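Here is how the chains run, residue by residue.
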Amino acid sequence: MAQKLIAGNWKSNGSLADLDAFINEISAAAGLLSRAEVVLCPPFVYLQNAVSLCGGHLAVGAQNCSMQGAGAFTGEVASEMLVDLGVQWVIVGHSERRELFGESDAVVLEKVKRALASGLKVMLCVGESLAQREQGDATRIVVKQLSVVLSELTSLESLVVAYEPVWAIGTGKTASAGDAQEMHAAIKAELLASGLKGASSVKVLYGGSVKGSNAAELFAQKDIDGALVGGASLKAKDFLAIIAES
Ligand code: 13P
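Below, the structure is looked at part by part.

Conventions and cut-offs
- Residues numbered from 1 in each chain as written.
- Predicted model: local features only at pLDDT ≥ 70, side-chain atom pairs only at ≥ 80, totals over all residues.
- Heavy atoms only, no water.
- Helix = DSSP H or I, 4+ residues; strand = E, 2+ residues; numbered from the N terminus.
- Rg over C-alpha atoms; globule rule 2.2 N^0.38 Å.
- Buried < 20%, exposed > 50% of the residue type's maximum accessible area, 1.4 Å probe, protein only.
- Expected span 1.5 Å × (residues − 1).
- Contact = heavy atoms within 4.5 Å.
- Polar contact = N/O pair within 3.5 Å; in protein donor to acceptor, adjacent residues only side chain to side chain.
- Near = heavy atom within 4 Å.
- Areas by Shrake-Rupley, 256 points an atom, 1.4 Å probe, with all protein chains shown as cover.
- Nonpolar A, V, L, I, M, F, W, Y, C, P; charged D, E, K, R; others polar.
- Pairing = 2+ DSSP bridges.
- Axes fitted to C-alpha atoms, helices over the stretch in contact; angles between N-to-C directions.

Within the chain, the secondary structure is distributed over 11 helices and eight strands. Relative to the globule expectation of 18 Å for 246 residues, the C-alpha radius of gyration of the chain, 17 Å, shows essentially globular dimensions. For the chain, the C-alpha atoms occupy an extent of roughly 45 × 45 × 30 Å along the three principal directions. A buried classification covers 50% of the 246 residues belonging to the chain.

Set out below in structure tokens:
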């Protein structure tokens, strides 16, 4: 079976000291770490330190990138700059970016294209709100978010999809393993239907209140290939407990 991919999204949390301690502790658990492909996504300002401290089974990702290349775009970070720094991954289209910073599907598409063209591996986030799920609209919304991006790509070899139901993020509520599996299967069907290169090997991660105590059940599902972890990635002990279930 392919290794699980487990990514920690620190969001706007942590300090240099936290990063240092976290990476030391994680790296000391080399046996556990080698069970999975692990990616740490700290805030932009800590990326350079993370790159210099990580390696082996621990890769570094950014949480966002610009939809533009280099130029007069104050405050933006171009994907080429991330590559320049040695960053390998980027999260694009996180629901917090979509909701709080107004990122539309069209913006997400531009970011994915830019990031892939620069040589980054992309974790594309998709997910429905609680209202959309209650209206029975979850699969349609998620498939639409995905298909907008797939429509303009030529290869999926550097793409990972993260299904993160918005109502499960930071709430302590997790999608049931069965509901998550059902959505992951729909995502994989859409990927395959695209006919794009690499479609059959795209990993689909689950995100939304993943922790050591629920990871095993999620990871046992046929189409759950790993996790995108928020809160439980902030402490090495909690993050390692998830890796241990992979
Ligand atoms: P939590 O694990 O804190 O619910 O966050 C999930 C998430 O948004 C990861 O990107």
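That covers the picture; the talk isn't over yet.
All right, on to helix H8 (residues 138-150) then. Taking 1.5 Å per residue, 13 residues should reach 18 Å; H8 reaches 18 Å between its end C-alpha atoms and fits that length. Of all the positions in H8, only Ala-138, Ile-141, Val-142, Val-143, Gln-145, Leu-146, Val-149 and Leu-150 are classed as buried. In this structure, the buried residues of H8 make contact with helix H5 (95-100), helix H6 (105-118), strand S5 (121-126), helix H7 (130-134), strand S6 (159-163) and helix H9 (177-193).

This brings us to the environment of Ser-201. As for its placement among the helices and strands, Ser-201 is situated in the loop between H9 and strand S7 (203-207). Judged by its relative accessible area of 57%, Ser-201 falls in the exposed class. Spatially, the C-alpha atom of Ser-201 lies 9.8 Å from that of Ala-2, the residues being 199 residues apart in sequence.

Attention now moves to the side chain of Glu-103. Among the structural elements, Glu-103 can be located in the loop between H5 and H6. Within polar-contact distance, the side chain of Glu-103 engages the side chain of Arg-97 at 3.0 Å. Polar side-chain contacts of Glu-103 include one of 2.6 Å to the side chain of Lys-111. Dropping the residues within four chain positions of it, Glu-103 is found in contact with Asn-64, Gly-93, Arg-97, Arg-98, Val-108 and Lys-111.

The next subject is the site of the ligand. Every one of the 13 residues lining the ligand counts as a neighbour, but Lys-11, His-94, Gly-170, Ser-209 and Gly-231 are closest to it. Ser-209 places a main-chain nitrogen or oxygen 2.8 Å from an oxygen atom of the ligand. Coverage of the ligand by the protein amounts to 95% of the 310 Å² it exposes when considered alone. Taken together, the residues of the shell around the ligand break down into four nonpolar, seven polar and two charged.

Moving on to the sheet that holds strand S2 (residues 37-41). Strand order around the closed barrel formed by eight strands is S1-S2-S3-S4-S5-S6-S7-S8, with parallel pairing between neighbours. The average undirected angle you get between the axes of adjacent strands in this sheet is 25 degrees. Where strand S1 (residues 5-9) and strand S8 (residues 226-229) come together, four bridges link them in parallel fashion. Each bridged residue has a counterpart across the sheet, and for Gly-8 the counterpart in S8 is Val-229.

None of the figures reported here should be taken as evidence of function without further support.
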